[in-house]
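The lines below spell out each chain.
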Amino acid sequence: MLELHSEISNAQTKAVLDNSNIVLDLSDSLEKDFFKPSAEFDEPENLKKFKEKTPFFIIITILYGLFYTFCMYKNPCGITAPLYVLGTLGYFYIGTKQIVANFELKNYKRLFLYAAVVFALGINLCVTTDTVLVVLDHIGIILVTAVALLSVYYSENKWGIGKYFSSIINVVFGGAGRGFSLFGDFKDYLSSKMTKEENSYTRYIVAGIFLSTPLLIVVIVLLSSADKFFADLVANILIAVFEFKLFTHMDLFLSVAISALVVYGALRGLCNKCIKESVEENKGNAIIACTVNCIVGFVYVIFSGYQIIYLFMGNMTIPEGYSYAEYARQGFFQLVCVCLINMVIVLAGIYKFEYNKALKASLLLISACTYIMIASSTIRMMMYVSAYQLTYTRLFVFLALIVIFLEMNGIVITIIKPEFPLFKYSMVMVTACYLIFAYSRPCGIIARNNLDSRFCEDADGRIDYSRIDFNYINTHLGSDAAPEVMAAALRENNTEFDEAIERFFEYSDCDYTVRTWNYSLWRLKSLVNYENTK
């Protein structure tokens, strides 16, 4: 009995030891596979090069943050805007030169086009005070720079328009999120350069600093209470700190930090290949798309027929009880919305479904109806403007219609020839349209159109000032419209212009420095000074 009990105990002990060995082996495996240092993971070659030169990238990143803040801090449209553009391009060029093997600009000729576009947007920033244009210029600079970087770090020739958009979002917003990896990279770099003993000393020093901080505060307070001279010294130090306005200038420090972290995160993300380069080939059955397109297209054909019969061929016949302006206003925005929906439908059919002749025909049908809707929208907006004159929104709508029309041309070409580079075409087209729009000075166009005597005459040929929306001119048009408004005021000599002229005079009182100089403000000051000397 005792021998049997002893054998059972030995067997249990052996089982426990075996289980312990299994647990130990499992823990070793986990440690090796899941808890090994990040440097041991398979990293892209570019990221390894990036980490090896961490001090260099941290230095140029901090310098970029300081340079950006000098150029753009509380100065969204000053003369330093082109310098900010050059600095941004220079930062990414220097960084890429350190990372990408055999990187030469002559091998990336498209980069010259991207750089030219970005610089044109930067120039436009310092020649206008139009808030809409300033915001769009900044957005354009960011987007075009992102596209330029993608063309260097990825093989994007087979990407579709959706893949491009998602990748741009990854570079821009992912860069903002990955910026804090700067601190981890610096820590890893220091750890790799230190011995184990030095690393321990560093931890002890940091712990000592944290422990001494509350003790130091208590000691300083007690010593200040004990001695008047020491109290005065502490007070003078605090006054010096607050005279520098450390906390009130926190936005200055944030400008440096945020700009630095964003560009660092963007560059690091590109090195880490955060975007999946390959394109998924899984596509849906074309029958689904054809069915949807045919059902929707049937309605579109009926609607387009009515537009052709009554609006185009019927000398702009409108329903009874409607004025031209009311009819135009009622249907315009809905038509633009449908045009945008059609673009999404056609793009989805091209990129997300198996391609065949039936799908191609249904997509061409929807595209043809979209052209008719674009024409109808344009006619309606022209009718509306003829009744209520131009505003910034209405002028921008005309730009949007031109862009939609040109984009549909590219989409139709893609339907016929699927390998057509739609995104590159779209980028060139949108950029060209926007630059023409921005450099044409929209506020000046609006003022010139609304104050043109041909559009403001009554039946007897005299100027009917009641047809001019002076409230809009006085409150919505900035310094870009000053030459047109002031010229009309001198020509007509009407008191309705007094409020606009007074606002321009007040606007011209704002001072600018060499850093914040703006051509539009300078021209306004010149006009005001000329009027004052007359």
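Further up the page is the structure itself.
First, a word on what this report is: a plain description of the structure on this page. (Residues numbered from 1 in each chain as written. Predicted model: local features only at pLDDT ≥ 70, side-chain atom pairs only at ≥ 80, totals over all residues. Heavy atoms only, no water.)

This part is about the packing of helix α7 (residues 161-178) against helix α11 (residues 250-271). Running from N to C, α7 and α11 cross one another at 110°; their axes reach a closest spacing of 7 Å. It follows from the interaxial angle that α7 and α11 lie roughly perpendicular. Two packed elements cross with a definite hand, and for α7 against α11 that hand is right-handed. The segment α7 lies against α11, with Val 171, Gly 175, Ala 176 and Arg 178 engaging Leu 261, Val 262, Gly 265, Ala 266, Gly 269 and Leu 270. Class assignment for the residues of the contact of α7 with α11 results in six nonpolar, three polar and one charged. (Axes fitted to C-alpha atoms, helices over the stretch in contact; angles between N-to-C directions. Helix = DSSP H or I, 4+ residues; strand = E, 2+ residues; numbered from the N terminus. Parallel < 35°, antiparallel > 145°, perpendicular 65-115°, else oblique. Left-handed = near helix turned anticlockwise from the far one by under 90°. Contact = heavy atoms within 4.5 Å. Nonpolar A, V, L, I, M, F, W, Y, C, P; charged D, E, K, R; others polar.)

In this section: the nonpolar core. If you look at the biggest cluster of nonpolar residues, it comprises 114 residues, and the most contacted ones within it are Tyr 153, Ile 411 and Val 485. For this core, the element with the highest residue contribution is helix α6 (residues 131-153), accounting for 11 residues. Leave out the neighbours within four places in its chain, and Val 485 touches Ala 447, Leu 451, Ile 473, Phe 497, Ala 500 and Phe 504. (Core = buried A, V, L, I, M, F, W, Y, C linked by side-chain atoms within 4.5 Å. Buried < 20%, exposed > 50% of the residue type's maximum accessible area, 1.4 Å probe, protein only.)

Here the focus is the layout of surface pockets. Its volume calculated, the largest pocket comes out at about 920 Å³. Looking at the largest pocket, it is lined by 29 residues, and the ones nearest its centre are Leu 143, Val 403, Ser 426, Val 430 and Thr 431. Of all the secondary-structure elements, those providing two or more residues to the lining of the largest pocket are α5 (110-125), α6, α7, α13 (324-352), α15 (392-416) and α16 (422-439). Element by element, the count of residues in the lining of the largest pocket is highest for α16, at eight residues. (1 Å grid on protein atoms, 1.4 Å probe; cavity = no way out; pocket = protein on both sides within 12 Å on 5 of 7 lines; lining within 4 Å. Points joined across faces, edges and corners; volume = space filled by probe spheres on them.)

With that out of the way, let us pick up unusual backbone geometry. Backbone geometry at Lys 74 places phi at a positive 50°, although glycine is not the residue there. Looking at the secondary structure, you find Lys 74 in the loop between α3 (54-72) and α4 (81-99). By relative accessible area, Lys 74 is classed as exposed at 64%. We note that Arg 441 has phi near 60°; this positive angle belongs to a residue other than glycine. Along the chain, Arg 441 falls in the loop between α16 and α17 (442-450).

In this section: the pattern of salt bridges. Counted according to the given criterion, the structure contains four salt bridges. Arg 268 is the salt-bridge partner of Asp 185, the closest N and O atoms lying 2.7 Å from each other. Taken together, the residues span a long stretch of sequence, with Asp 185 in helix α8 (residues 181-193) and Arg 268 in helix α11 at a distance of 83 residues. In this pair, the class of Asp 185 matches that of Arg 268, namely buried. In this structure, the salt-bridge partner of Arg 448 is Glu 484, at a minimum N-O distance of 2.8 Å. Of the two residues, Arg 448 sits in helix α17 while Glu 484 sits in helix α19 (residues 482-492), which places them 36 residues apart along the sequence. Taking the relative accessible area as the measure of exposure, Arg 448 reaches 46% and is therefore partly exposed. (Salt bridge = Lys/Arg side-chain N within 4 Å of Asp/Glu carboxyl O.)

The geometry of two aromatic rings is summed up by the distance between their centres and the angle between their planes. A full pass over the atoms with the stated rule returns 18 aromatic pairs. With 5.3 Å between their ring centres and 85° between their planes, Tyr 91 and Phe 92 make a pair best called edge-to-face. Here Phe 92 falls in the buried class, since its relative accessible area comes to 8%. By way of ring pairs, the aromatic residues Tyr 64, Tyr 68, Tyr 84, Tyr 91 and Phe 92 are connected into one cluster. For the cation-ring pair, Lys 163 lies above Trp 159, with the distance from its terminal atom to the ring centre recorded as 5.5 Å. When the ring centre of Tyr 154 is taken as reference, the NZ or CZ atom of Lys 273 above it lies at 4.5 Å. (Phe/Tyr/Trp six-rings, centres within 6.5 Å; stacked < 30°, edge-to-face > 60°. Lys NZ or Arg CZ within 6 Å of the ring centre and 35° of its normal.)

This paragraph deals with a nonpolar patch on the surface. There is a patch of nonpolar side chains on the surface, built from Phe 298, Val 299, Ile 302, Tyr 306, Ile 308, Ile 309, Tyr 310 and Met 313 and spanning about 860 Å² of accessible area. Mapped onto the fold, Tyr 306 is located in helix α12 (residues 286-312). (Patch = residues over 30% accessible without salt bridge, like charges linked within 9 Å, V, L, I, M, F, W, Y side chains within 5 Å. Areas by Shrake-Rupley, 256 points an atom, 1.4 Å probe, with all protein chains shown as cover.)

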